[in-house]
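Residue-level listing of the chains:
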Amino acid sequence: MTSGSDIANAGDSASAGSTAAGAKPKNVYAAPALDKAFDVIELLAQAPDGLTLTEIAARLQRSLSELFRIVVVMERRGYLIKDPDTDRLVVAYKLLDLAYRATPARHLTKAAVPVMQALARDVGQSCHLVVRNRAHGLVIAREKGSGASGFSVQTGVAIDLAQSCSGHVILAFSAPERTEEMLDEISLAKGSSIRALKERIALVADRGYDLQPSPITHGVTDMSYPVLGLDGYLRAALTIPFLERIDGSQPVGVDAAREQLAAAAHTISTRLGWRGDVAPEAPPAVVEQPRRARRSATKG
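All of the points below concern the structure found in this document. Just so you know, these numbers come straight off a predicted model, no measurement behind them. (Residues numbered from 1 in each chain as written. Predicted model: local features only at pLDDT ≥ 70, side-chain atom pairs only at ≥ 80, totals over all residues. Heavy atoms only, no water.)

Summing up its helical and strand segments, the protein has 10 helices and 8 strands in all. A fraction of 55% describes how many contacts in the protein between residues 6 or more apart in sequence connect residues 24 or more apart. (Helix = DSSP H or I, 4+ residues; strand = E, 2+ residues; numbered from the N terminus. Contact = heavy atoms within 4.5 Å.)

Right under this line is the structure:
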């Protein structure tokens, strides 16, 4: 019977041989079929109307014979759905279901959604919950405001960490090593600098939240607070894109909305086990900050 260590050793040996031949570096393993399956999923994620197998092959610059069996298996396993009239393939909800059940998002949304519903109702504005997704934020839940008009962000939307309120909060309240990873991976807009971004992170960490005009929508003021876990580090950013009506008919103003947002983030944090007395290491900054970041700032 072959053990896991035998497999690992065999892989290392094979990899070492490849390195000697100049083909591949050590510990880089190939799984061509799996690579192709992921290529198909990532391509279809950018084509909401679906693609035929011929179109997939053309865009991936692969032959039909390379992809046919892979696509058939993915369809049989429920990861892809084919339209019987057009033969177009789309990604099935099974992927979303697995991602939801296999990540902390399920526990997080279970704690957050009832609080978000009450928040949206009370302030008459939409709110959304953003988690880190490599070098971006990802909206995993949202609640629409109770008013007849408003502004909201769709679930599944990618969020720019460098420019958005949610992104600044994620960078400011994540564990320092996670923040460094994100700073290494994010792409800055033209004219922006990493120094300015780090200064912004330090400011957000010090005051406990971020508030700024929306970088993409006129008339919207974004505000965001951290949702913290048992260890005092960020689990998500809770954000309101506050739309101020010309006639002033919104139920509450910006200041009152921010206070209620702070209270909601505090409530969700305590539901996740945060005690309020945890003060982790401050995030990285351009210069050493004179005082520790206020991790208890979700109280408002």
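The next point concerns the environment of valine 130. Here valine 130 shows up in strand β3 (residues 127-133). Residue classification places valine 130 among the buried positions, given a relative accessible area of 0%. In this structure the C-alpha to C-alpha distance between valine 130 and serine 224, which are 94 residues apart in sequence, comes to 9.8 Å. Leave out the neighbours within four places in its chain, and valine 130 touches Gly137, Leu138, Val139, Ile159, Ser166, Ile170, Ala236 and Ala237. (Buried < 20%, exposed > 50% of the residue type's maximum accessible area, 1.4 Å probe, protein only.)

Moving on to the nonpolar core. Soluble globular proteins: nonpolar side chains tend toward being buried together. Counting 30 residues, the largest nonpolar core has Leu108, Leu119, Leu129, Val227, Leu238 and Ile240 as its most contacted members. Counting only elements with at least two residues in this core, the list comes to α6 (105-123), β3, β4 (136-143), β7 (220-228), β8 (234-243) and α10 (254-271). Examining the composition of this core, we find that 9 residues originate from one element, α6, more than from any other. In contact with leucine 119, other than residues within four places in its own chain, are Gly124, Cys127, Leu238, Ile240, Gln260, Leu261 and Ala264. The next biggest cluster of nonpolar side chains, apart from the first, holds 23 residues, and it includes Ala162, Met182, Ile186 and Ile201. (Core = buried A, V, L, I, M, F, W, Y, C linked by side-chain atoms within 4.5 Å.)

A word on the sheet that holds strand β5 (residues 158-160). Read across the open sheet, the 6 strands follow the order β5-β4-β3-β8-β7-β6; overall the sheet is antiparallel. Edge strands, defined here as strands with exactly one partner in the open sheet, are β5 and β6 (210-213). Neighbour-to-neighbour, the strand axes of the sheet open up by a mean angle of 35°, direction not taken into account. Note that β4 and β5 share 3 bridges and pair antiparallel. Counterpart to glycine 137 in the pairing with β5 is isoleucine 159. Against the sheet, helix α7 (residues 165-173) engages β3, β4, β5, β6, β7 and β8, with an angle of about 25° to β7. (Pairing = 2+ DSSP bridges. Axes fitted to C-alpha atoms, helices over the stretch in contact; angles between N-to-C directions.)

What follows deals with the environment of leucine 51. Counting through the fold element by element, leucine 51 comes out in the loop between α2 (32-44) and α3 (53-60). Leucine 51 sits 37 residues away from arginine 88 along the chain, and the two C-alpha atoms are 4.7 Å apart. Apart from residues no more than four positions distant in its own chain, leucine 51 is found in contact with Leu43, Leu44, Ile56, Arg59, Asp87, Arg88 and Leu89.

The next subject is the pairing of β6. The sheet contact formed by β6 and β7 spans 4 bridges and is antiparallel. Looking at the pairing, glutamine 212 lines up with aspartate 222 of β7. Linkage of β6 to β7, two consecutive antiparallel strands, is achieved through a turn of 6 residues, within which glycine 219 is found at a positive phi near 85°.

Counting across every chain of the model gives 11 salt bridges. For lysine 36, the salt bridge identified is with glutamate 66, shortest N-O distance 3.5 Å. Taken together, the positions of lysine 36 in helix α2 and glutamate 66 in helix α4 (residues 64-76) put the pair 30 residues apart, joining distant regions of the chain. Overall, glutamate 66 belongs to the partly exposed group, its relative accessible area being 30%. Notably, a salt bridge pairs arginine 62 with aspartate 39, separated by 3.8 Å at the nearest N-O pair. Highlighted residues: arginine 62 in the loop between α3 and α4 and aspartate 39 in helix α2, separated in sequence by 23 residues. Owing to a relative accessible area of 27%, aspartate 39 belongs among the partly exposed residues under this scheme. (Salt bridge = Lys/Arg side-chain N within 4 Å of Asp/Glu carboxyl O.)

Every buried residue of helix α8 (residues 176-185) is listed here: Pro176, Thr179, Met182 and Leu183. Buried residues of α8 fall within an arc of 120° about the axis and therefore sit on the same side. In this fold, the buried residues of α8 make contact with β3, α7 and α9 (194-207). (Arc of directions from axis to C-beta.)

Let's shift gears to unusual backbone geometry. The phi dihedral of aspartate 87 falls on the positive side, at around 65°, and the residue is not glycine. Residue placement: aspartate 87 occurs in the loop between β1 (80-82) and β2 (89-91). For aspartate 87, a relative accessible area of 43% puts it in the partly exposed group. We note that arginine 134 has phi near 60°; this positive angle belongs to a residue other than glycine. Inspection of the secondary structure assignment puts arginine 134 in the loop between β3 and β4. Overall, the relative accessible area of 60% leaves arginine 134 in the exposed class.

Limitation: the analysis is restricted to geometry and does not speak to function.
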